[in-house]
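Residue-level listing of the chains:
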Amino acid sequence: MEMHPLDGYLLDGTPSKAEAIAAVLRVRSADPRAQPFYRALDRVGVRAADDALLALRLVLAGKVPTDEAIVAMRALRKRVHDGEPGAREVYRSEVGASPE
């Protein structure tokens, strides 16, 4: 399975934030919980906080974006950026992405 554009941006910076947001806005989930995020991204674009993108990613994975969950994803993202072995796989399992 191909990596979701938000995952690419959040973990590797590729695609760019603008490209990841554009991709998310082109292919929108019907999940009612995602709709406020789409409206916000339409309005603020790349000025959106990365925490908002993490929250949206959780919603797209079928999870509830509680503050605790977002903080945990932020920490997991940092572990990936720091090159911690296995962190990328943990992130992918949290968002329901298949291994590459």
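Scroll up for the structure.
All of the points below concern the structure found in this document. Worth saying up front: this structure is predicted, and the values here are computed from it rather than measured.

Within the secondary structure layout, Asp50 lies in helix H4 (residues 50–60). Of note is the side chain of Asp50, whose polar atom sits 3.0 Å from the side chain of Tyr9. When residues no more than four places from it in sequence are discounted, the contact partners of Asp50 are Tyr9, Leu10, Lys17 and Arg77.

A complete count under the given rule lists 10 salt bridges for this structure. Among the salt bridges present, the one from Asp42 reaches Arg28, with a minimum N-O distance of 3.1 Å. Highlighted residues: Asp42 in helix H3 (residues 35–44) and Arg28 in the loop between helix H2 (17–26) and H3, separated in sequence by 14 residues. Overall, the relative accessible area of 41% leaves Arg28 in the partly exposed class. When the shortest N-O distance is used, the salt bridge between Lys78 and Asp82 registers 2.6 Å. With a relative accessible area of 53%, Asp82 lands in the exposed category.

Calculation criteria
Residues numbered from 1 in each chain as written. Predicted model: local features only at pLDDT ≥ 70, side-chain atom pairs only at ≥ 80, totals over all residues. Heavy atoms only, no water. Helix = DSSP H or I, 4+ residues; strand = E, 2+ residues; numbered from the N terminus. Polar contact = N/O pair within 3.5 Å; in protein donor to acceptor, adjacent residues only side chain to side chain. Contact = heavy atoms within 4.5 Å. Salt bridge = Lys/Arg side-chain N within 4 Å of Asp/Glu carboxyl O. Buried < 20%, exposed > 50% of the residue type's maximum accessible area, 1.4 Å probe, protein only.

These results come straight from atomic positions and should not be treated as a statement about function.
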